[in-house]
Amino acid sequence: MNIHAYYDVDVVNGPGTRCTLFVAGCEHQCPGCYNQRTWRLDSGQPWNAQWEQRVIDDLLDTRICRQGLSLSGGDPLHPANVASVLALVRRVRAECAGKDIWLWTGYRLAELNSAQREVAAELDVLIDGKFVAAEKDATLIWRGSANQIIHYLR
């Protein structure tokens, strides 16, 4: 997996103060996407054990209380990203008690394959659906277009 950006303090991508990770790779390539630079799998920089540890350390840092982790992209559920994302969310569940995990994907919840469902089983919130420019609505919270659905899984 490659990543494009990591924000150790973010107040935009989910409720409260969060850590937010933007991954590389997106099969959907929605017209009008605001983050087209993340579409290519080989863009950004490689994800590694040091990055993973940094996310865990930031979530556990008591100097800045973070509500949880947000995963976006690109698409965290792109087949090339699933194994790394699953390892990360499992670590967050095991080591960061009380932190929630949010994930944005262009795939629909009902269409997820078994590997993607393993990731979804660890999430608190999944926002699904491709961005549809004709349904863009700037008044929506945590979504870019009206077709996208917020699933509260926990």
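Higher on the page you've got the structure.
Definitions and limits used
Residues numbered from 1 in each chain as written. Predicted model: local features only at pLDDT ≥ 70, side-chain atom pairs only at ≥ 80, totals over all residues. Heavy atoms only, no water. Core = buried A, V, L, I, M, F, W, Y, C linked by side-chain atoms within 4.5 Å. Buried < 20%, exposed > 50% of the residue type's maximum accessible area, 1.4 Å probe, protein only. Helix = DSSP H or I, 4+ residues; strand = E, 2+ residues; numbered from the N terminus. Contact = heavy atoms within 4.5 Å. Expected span 1.5 Å × (residues − 1). Arc of directions from axis to C-beta. Polar contact = N/O pair within 3.5 Å; in protein donor to acceptor, adjacent residues only side chain to side chain.

1. Topic: the nonpolar core
What tends to happen in soluble globular proteins is that the nonpolar side chains get buried as a cluster. Ranked by internal contacts, the top residues of the largest apolar core, which has 29 residues, are Leu-21 and Leu-71. Taken together, the elements giving at least two residues each to this core come down to strand 1 (2-10), strand 2 (18-23), helix 1 (49-60), strand 4 (68-72), helix 2 (82-95), strand 5 (100-104) and helix 3 (114-120). It is helix 2 that provides the largest number of residues to this core, a total of six residues. Excluding its chain neighbours within four sequence positions, the residues that come into contact with Leu-21 are Met-1, Ile-3, Ala-5, Tyr-6, Trp-47, Ser-70, Leu-71, Ser-72 and Leu-88.

2. Points about helix 1
Across its 12 residues, helix 1 extends 17 Å between first and last C-alpha, which sits within 8% of the 16 Å expected from 1.5 Å per residue. Taken together, the buried positions of helix 1 are occupied by Trp-51, Glu-52, Val-55, Ile-56, Asp-58 and Leu-59. One side of helix 1 carries all its buried residues, which in axial view fall inside an arc of 165 degrees. The outward face of helix 1, more than 90 degrees from its buried face, is lined by the exposed residues Ala-49 and Gln-50. On the buried face of helix 1, the contacting elements are strand 1, strand 2, strand 3 (45-46), strand 4 and helix 2. At the N-terminal boundary of helix 1, the capping side chain belongs to Asn-48, with an oxygen 3.0 Å from the backbone nitrogen of Gln-50.

3. What to know about helix 2
In this model helix 2 runs 20 Å from its N-terminal to its C-terminal C-alpha over 14 residues, within 8% of the 20 Å that 1.5 Å per residue would give. Those residues of helix 2 lying buried are Val-82, Val-85, Leu-86, Leu-88, Val-89 and Val-92. Buried residues along helix 2 cover an arc of 165 degrees about the axis, so they all sit on one side. Facing away from the buried side of helix 2 by over 90 degrees, the exposed positions are Ala-83 and Ala-94.

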